[in-house]
Structure formats: structure tokens, C-alpha cells
Amino acid sequence: MIPYKPPKFREEAFNCPHCNVYADQTWEEVCCKPGSPFYAVMENLEMAVCRHCHNYTLWHFEKMIYPEDSGVQPPNPDLRDDIKGDYLEAKSIANKSPRGAAALLRLCIQKLCEQLGEKGKKLNDDIANLVKKGLPVQIQQALDIVRVVGNNAVHPGQIDIKDDRDAAMKLFELINLIADVGITQPKKVNELYESLPKSKLEAIQERDEGGLTSSNTG
Ligand SMILES: [Zn+2]
């Protein structure tokens, strides 16, 4: 999974909110010409220019004010389209309404369980089923965190997370982590496997079928 570094004041490089690329940033003071022949530096206003797309971010008192961005990484491209839609909607409201974002992300998790072959109704049941099917332990743990953190967004005080925003941020991260381990990585391995020469694939198939026969008979 590609690490994501959200935009941060005076940071030399971060994932640009315009182009999403992890790129070097050039920091500049912002000047204006308020009715005099001289330029004046705007106090507490700075801009960072992305070396990749040349777009800028604007920072007022160390806080990014343009573009409006929640500092959330983009959704994993292998997520189903409707899940990506919910994720992006949650991303767009994460700063104003972290509780609303967390509710949408819970929905994403249910749908993600569906994409992983489960019913998507009860998270606890889905996790239990996925474990039976040999779910990697990282996903199981991630799903259990989601279950607990998600409940916490409704009933505070059960787990030590700073606030609603912190909880929402964890959910965004976990959804992409689950998608990466559960969907993207197996897909990549499968693509590599399929690219083996046909003769080798046939030999593997013969070996496996042979193994099956011998275990059946003996
Ligand atoms: Zn950029």
C-alpha cells in the first residue's frame, strides 16, 4: 500500500490535495499591494506550491484554508464503485461532521464485507465467517477495531480515542487497509500467477490434481 502523508504546515513534502501525488512543496510568503506602491507581506498567510502539479495550498495561522480538504487519503481503487462513492462523501464532510462521516464509513465497512463475500448485515457474524475462511489476521484485527471504534462513535467512552474526528480518521485508514490486504494484494498475486507460461500453469494444475487423487486414495 502506498503510504499517505496528509498536508501539514511547513512540511517539505506531502500528498498534494489537488493531484494526490506525494510531492515536494515550495513554501512562499504571500504578499499584497494595499493601495501603495510597495508590496507588503500578509501576516500569518503562507502558500505551498506542489512541485508535481504546480497548484498551491493556502495556509492561515498554520491551518490549510485552501483547498478545503479533510487530509484523508483517496479510497483504494479496487473498492466497489458504490463503496468508493460513500467513502468520498464521508471524506468531503470529515472536518465539518466527523460523526456523520463515521456513520457513512460504517456503511462502507458493511458493503466491504459484502465485497469480501459476506452478507454485510452483522459485522460480528461476517468477521466470524471470514475467520473460518482463513481471513488474514491483519484484516480480522482491523475489522474488530472498526466494530469497536464504530460503536464508540455512537456510545462514547468505551475505547480511548481522542474525539469523533480521530475515530473517523481511523475508519478511513482501516477501510483502505482492509481493501489492500483483502482485495488488492490477492489480485496482484493472481495477476502474476496468470502471467506464468501456459505450460507451467498446466504442470501446476496436473500436480495439484495428482495430489488430490493420491490423498483421495491413500
Ligand atoms: Zn499537486
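A brief report on the enclosed structure follows.

About the cut-offs
Residues numbered from 1 in each chain as written. Predicted model: local features only at pLDDT ≥ 70, side-chain atom pairs only at ≥ 80, totals over all residues. Heavy atoms only, no water. Helix = DSSP H or I, 4+ residues; strand = E, 2+ residues; numbered from the N terminus. Buried < 20%, exposed > 50% of the residue type's maximum accessible area, 1.4 Å probe, protein only. Contact = heavy atoms within 4.5 Å. Pairing = 2+ DSSP bridges. Axes fitted to C-alpha atoms, helices over the stretch in contact; angles between N-to-C directions. Arc of directions from axis to C-beta.

Here we look at the overall build of the chain
Link 1 in the chain: A tally of helices and strands in the chain yields six helices and five strands.
Link 2 in the chain: When the helices and strands of the chain are read in sequence order from the N terminus, they spell out β-β-β-β-β-α-α-α-α-α-α.
Link 3 in the chain: Counting only residues that meet the buried cut, the chain has 36% of its 218 residues in that class.
Link 4 in the chain: Within the chain, contacts between residues separated by at least 24 positions form 45% of all contacts whose residues are at least 6 apart in sequence.

Quick word on the pairing of strand 3 (residues 40-50)
Link 1 in the chain: As paired elements, strand 2 (residues 22-32) and strand 3 share seven bridges and run antiparallel to each other. By the bridge assignment for strand 3, glutamine 25 is matched with cysteine 50.
Link 2 in the chain: In the sheet, strand 3 pairs with strand 4 (residues 56-60) via five bridges, with the strands oriented antiparallel. Counted as the bridge partner of alanine 48 is threonine 57 from strand 4.

Thoughts on the sheet that holds strand 3
Link 1 in the chain: Read from one edge to the other, the open sheet built from five strands follows the order 1-2-3-4-5, with strand pairing classed as antiparallel. Looking at which strands have only one partner, the edges of the open sheet turn out to be strand 1 (13-15) and strand 5 (63-66). The mean inter-strand angle of the sheet, taken between neighbouring strand axes irrespective of direction, is 45°.
Link 2 in the chain: Taken together, the three bridges between strand 1 and strand 2 define a ladder with antiparallel strand orientation. In the sheet register, asparagine 15 faces strand 2, and the bridge partner there is tyrosine 22.

Regarding helix 3 (residues 123-132)
Link 1 in the chain: Those residues of helix 3 that sit buried are Leu123, Asp126, Ile127 and Leu130. The arc enclosing the buried residues of helix 3, seen along the axis, measures out at 100°, which places them on a common side.
Link 2 in the chain: Looking one or two residues beyond helix 3, the residue adopting positive phi is glycine 134, at roughly 90°.

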